[in-house]
Amino acid sequence: MTQTIKSLPKLSLGPVLYYWPREQIFDFYRTIAQTPVDVVYLGETVCAKRRLMKPDDWLQVARILTEAGKEVVLSTLTLLEANSELSSLRKICNNSQYMVEANDMAAVQIVSARQSSDNKGFVTGPAVNIYNSRTLEVLAKAGLKRWALPVELSLETLTELHQNRPAGLETEVFVFGRLPLAYSARCFTARAHNLPKDDCQFRCLDYPDGLLLSTREDESFLVLNGIQTQSAKTQNLLTELNNLIELDIDVLRISPQSTHTDKIIAVFNDCLHGKQAIDEAEKWLQHYILTGECDGYWHNQPGMDKTVIDKTIMDAALNTK
Amino acid sequence: MQLVCPAGNLPSLKAAVDNGANAVYMGFKDDTNARHFAGLNFDDRRAQEGIEYAHNHGVKVFIAINTYPQPSGWQRWQEAVDHAAGLNVDALILADIGVMDYASERWPELRLHLSVQGSATSAEAIEFYSQRFAIKRVVLPRVLSLKQVKQVAETSPVPIEVFGFGSLCVMVEGRCMLSSYVTGRSPNTYGACSPANAVSWNETPNGLETRLNNILIDRHGEGESAGYPTLCKGRFNVNANTYYAIEEPTSLNTMAILPELQAVGVAAIKIEGRQRSPAYVKQVAKVWRAALDACEKNPQHYQPQADWLAALEKVSEGSQTTLGAYHRPWQ
């Protein structure tokens, strides 16, 4: 019996979902350039009014990362409404240098219609609805090179889709971060400040990891990030790493947060390369998680649920440390 | 503009047909449609009866198969398409790319509409479905301002349908996972938001509490009416304030801007509410028929009549209505 040797998944860093000042973004990516992450998604995917980073600034960041050996992908806006947003989208989609992460079907349509010979194809982010193999086949014909599993889907569905994927297509899984759950025309951060969206005073700048929404029992529930709503809990699939390797998943996505992102990348990288035991690393990771963790979607349960790990095993792991 | 009315069951379908609908839309009794509620929707016999009734009265019938199948359920969606095709319906309302690919290949003569769950907000997105699957109409998500609807209508390769009245999704449809985050079931995967099996109502010393899978959605004091705990329409704490942080319990009502919608070239107005009663469908269809006729006849002097608005308020969620995203300050 022959045993296939599986290559380890690459690590990716998703787009920054929050609104950070320009200098903070540059500092952040200079740090990221030094980390072992393989793929970096760049650009504004949530709100077109966030313009402290100009297109040329993003290209400069892209150069810094490319020089550090990272694969750079330009990410597009998720919810497109105004004509001005569509013109920015066309510019990103028609760039000849970098691969594009399409986060909406408009982006898929534009990149798939490009005629140039240097057409690199495209990636779909988790907000593009790929729920079955037939959808994957249609998009592969349109030039899809890598797809990210929508966040509400489970290991079971991932397994089916990945094992039956069109040849050459890469699969990416969102393994760490607050989950992007919804998008609206309304800006909830502006609403929280009694401001109209058209005069939001860029209040998102006050919340580098989004604005926490709690229930009336003060249970952390969701995070308001402009027009996007996220989970308050961080989805963390570190303990599923061996399953992901076994399944031969190509890319594991970590979603940026304002602190410790480099350390989180290091933890995943160390575990991937066997430099650190997963159950021990899981303990370290807890220090970097903002308001609780979850992994329900993975197990076909409510997304907010967390699988209970046998505590005796965790304790034993700690005692050996 | 055509009037497209909801039919959750045969009495509702008849109420829509009898009160001025140009088309009705319905779904089968399973998770292949986005109103997968107990006791709702059509089995084979009822569907045939309903379609015959509608067609005899010159009213079109659309079947919504507008959720997203995963590999384990794929067969059910494929059968729903085949089943609908055999029923002599006038169009299928689809969201999933895979289902659309199947339907357009297997039943090339069948007219396809892109569901609101397809989440297409621009001409480019619509173009994707138009080029590949020759869709004939698109239902726009309830996230665009009037100006943006106009832009899409002017550049879309196919005619557009917009929501005119009914329960309001504040999130862009087809890309909202709040419900599955809390309950494991979402409109995309299961055809329901904030499903009833996850809801609990408890009288407590603090008031009537509504919960969704144990998450407190709202608490109602004496004299406050408690609506269904749709999770985006609860009161939550943000920055030490307790308020409807996402959206109030309210319904969409675009009656005030009908001439504008007509002028930008909207082909059809959709009424939400397959889960509502035949009495709701009757009332809403009647009022909207009158409004659309008045608007068509004389758009310059069109004014929603006070009794129309009063009738709609009565059947609205939270007894209030909004223009939603059409009206920029709402955003």
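Residues numbered from 1 in each chain as written. Chains lettered and ligands numbered in written order. Predicted model: local features only at pLDDT ≥ 70, side-chain atom pairs only at ≥ 80, totals over all residues.

### Brief notes about the packing of helix H3 (residues 83–93) of chain A against helix H4 (residues 105–113) of chain A
Residues and elements named next belong to chain A. At a closest axis distance of 10 Å, the pairing of H3 and H4 adopts a crossing angle of 45°. The orientation of H3 with respect to H4, classified from their angle, is oblique. Crossing angle aside, the handedness with which H3 passes H4 is right-handed. Between H3 and H4, the contacting residues are Leu-86, Leu-89, Arg-90 and Cys-93 on the first element and Ala-106, Ala-107, Ile-110 and Val-111 on the second. (Axes fitted to C-alpha atoms, helices over the stretch in contact; angles between N-to-C directions. Helix = DSSP H or I, 4+ residues; strand = E, 2+ residues; numbered from the N terminus. Parallel < 35°, antiparallel > 145°, perpendicular 65-115°, else oblique. Left-handed = near helix turned anticlockwise from the far one by under 90°. Contact = placed C-beta atoms within 7 Å.)

### Here's the deal with the sheet that holds strand E9 (residues 207–212) of chain B
As a general point, the strands of a sheet are linked pairwise by backbone hydrogen bonds and lie either parallel or antiparallel. Residues and elements named next belong to chain B. If you trace the three strands from one edge of the open sheet to the other, you get E8-E9-E10, paired in antiparallel fashion. What marks the edges here is a single partner per strand, and that holds for strand E8 (199–204) and strand E10 (215–220). Strand-to-strand, the axes of this sheet are offset by a mean angle of 25°, without reference to chain direction. Bridge count for E8 against E9 is six bridges, and the pairing is antiparallel. Looking at the pairing, Val-199 lines up with Leu-212 of E9. (Pairing = 2+ DSSP bridges.)

### Considerations on the interface of chain B and chain A
Chain B puts 55 residues into the contact, and the matching count from chain A is 54 residues. Looking at the side of chain B that touches chain A, the elements with two or more residues in it are helix H4 (97–106), helix H5 (123–133), helix H6 (146–155), helix H7 (178–183), helix H8 (187–190), E10 and strand E11 (236–238) of chain B. Counted by class, the side of chain B that touches chain A contains 28 nonpolar, 18 polar and nine charged residues. As paired elements, strand E8 (residues 211–214) of chain A and E11 of chain B share two bridges and run antiparallel to each other. The partner of Ser-214 of chain A across the bridge, within E11 of chain B, is Asn-237 of chain B. (Nonpolar A, V, L, I, M, F, W, Y, C, P; charged D, E, K, R; others polar.)

### Topic: the environment of Gln-78 of chain B
Structurally, Gln-78 of chain B is set in helix H3 (residues 74–85). On a C-alpha basis, the gap between Gln-78 of chain B and Met-100 of chain B in space is 9.9 Å, while along the polypeptide they are 22 residues apart.

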